[in-house]
Structure formats: C-alpha cells, structure tokens
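Okay, here's what each chain looks like letter by letter:
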Amino acid sequence: QVQLVESGGGLVQAGGSLRLSCVASERTFRGYAMGWFRQAPGNEREFVSTIGWPGATTAYSDSVKGRFTISRDNLKNTVYLQMNSLKADDTAVYYCAAKQTGWTSRRKSDYNNWGQGTQVTVSS
C-alpha cells in the first residue's frame, strides 16, 4: 500500500501562489496515476487535477485550469501542484491520491490511496 504525505499548504492572500507536494513512501509510486482533490467545509470532495504515468498526460477541473499545474518527479516519488492566482474559492483541504494504474481519472472512486490532506486558506 502506498502511503502519501502532503505538504505545502498554508495561508496566502488572493492572487498569491503555493506549491503543494505529495511524497509516496514506497517505490510503488512507479506506474501509478496521481490526483489532487479538495474539500471545502460543507462540500463534497472534488477533483482538482490528475497526472498519469509517467507524466505525459494531465487533466484539470474547469475551475483551476490555467492557474494550477500538476507535475511529478518519478525519481523522488513526488507529485506537485503549483497553484497560482489563488482565489478565496480555492480555500479547502487538499488531498493527494494514488491510483493503481497509470491512466488518469477524475473520479474519487478510482483512487485507492489517500493522504491526510493539507489546508490551503486564501484570504480575500
């Protein structure tokens, strides 16, 4: 089982940037598609972005497209989410997830492993 640890969340002003990182504890990162999801208070957990194996294929939700960039470093077993032009609506707990095949997916149910989440708060 892949253990995932997110970091990089925090408090930022609207228009600012943050970079989230998610480190996998095992070498089984190889071959996995990875995803970022987020959950705001009172809301369902929603898809943000996904990247396939080895990293050529990506997808984004309409709400973050053009502002967020997902990438992965397969030597470091790490996936990143660069978030620019942040808005108050981006405030949420962000979760990293791993999928046991290399194809990207926007569906929560396709992901087998989840991190504990990192809080992102954007002040307006």
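Quantities reported herein were computed from a predicted structural model and do not represent experimental measurements.

A. The arrangement of the side chain of Ser-21 in detail. Position of Ser-21 relative to the elements: it lies in strand β3 (residues 18-24). When sequence neighbours within four positions are dropped, the list of residues in contact with Ser-21 reads Val-5, Glu-6, Ser-7, Trp-36, Thr-78, Val-79 and Tyr-80.

B. Main features of the side chain of Ser-61. Locating Ser-61 in the fold gives a position in the loop between β6 (58-60) and β7 (68-73). Assessed through its relative accessible area of 9%, Ser-61 is described here as buried. With residues near it in sequence (within four places) discarded, Ser-61 still touches Phe-47, Val-48 and Arg-106.

C. Spotlight on the nonpolar core. Counting residues in hydrophobic clusters, the biggest one holds 27 residues, and the most contacted among them are Met-34, Trp-36, Leu-81, Met-83 and Tyr-94. The set of elements that each furnish at least two residues to this core consists of β3, β4 (33-39), β5 (46-51), β7, β8 (78-83), β9 (92-99) and β11 (118-123). Counting residues in hydrophobic clusters, the runner-up holds five residues, among them Phe-37, Phe-47, Ala-59 and Tyr-111.

D. Region of interest: the sheet that holds β7. Taken together, four strands build an open sheet; the order of strands is β1-β3-β8-β7 and the sheet is antiparallel. Each end of this open sheet is capped by a strand with a single partner; those strands are β1 (4-7) and β7. Neighbour to neighbour, the strand axes of the sheet diverge by 15 degrees on average, direction disregarded. In this structure, β1 lies alongside β3, joined through four bridges in antiparallel fashion. Residue pairing across strands places Leu-4 opposite Ala-24, the latter belonging to β3.

E. Spotlight on the environment of Gly-8. When you line up the elements, Gly-8 lands in the loop between β1 and β2 (10-13). Sequence-wise, Gly-8 and Gln-100 are 92 residues apart; in three dimensions their C-alpha atoms are separated by 25 Å. If sequence neighbours within four positions are ignored, Gly-8 has contacts with Leu-18, Arg-19, Leu-20 and Thr-118.

Rules and cut-offs
- Residues numbered from 1 in each chain as written.
- Predicted model: local features only at pLDDT ≥ 70, side-chain atom pairs only at ≥ 80, totals over all residues.
- Heavy atoms only, no water.
- Helix = DSSP H or I, 4+ residues; strand = E, 2+ residues; numbered from the N terminus.
- Contact = heavy atoms within 4.5 Å.
- Buried < 20%, exposed > 50% of the residue type's maximum accessible area, 1.4 Å probe, protein only.
- Core = buried A, V, L, I, M, F, W, Y, C linked by side-chain atoms within 4.5 Å.
- Pairing = 2+ DSSP bridges.
- Axes fitted to C-alpha atoms, helices over the stretch in contact; angles between N-to-C directions.

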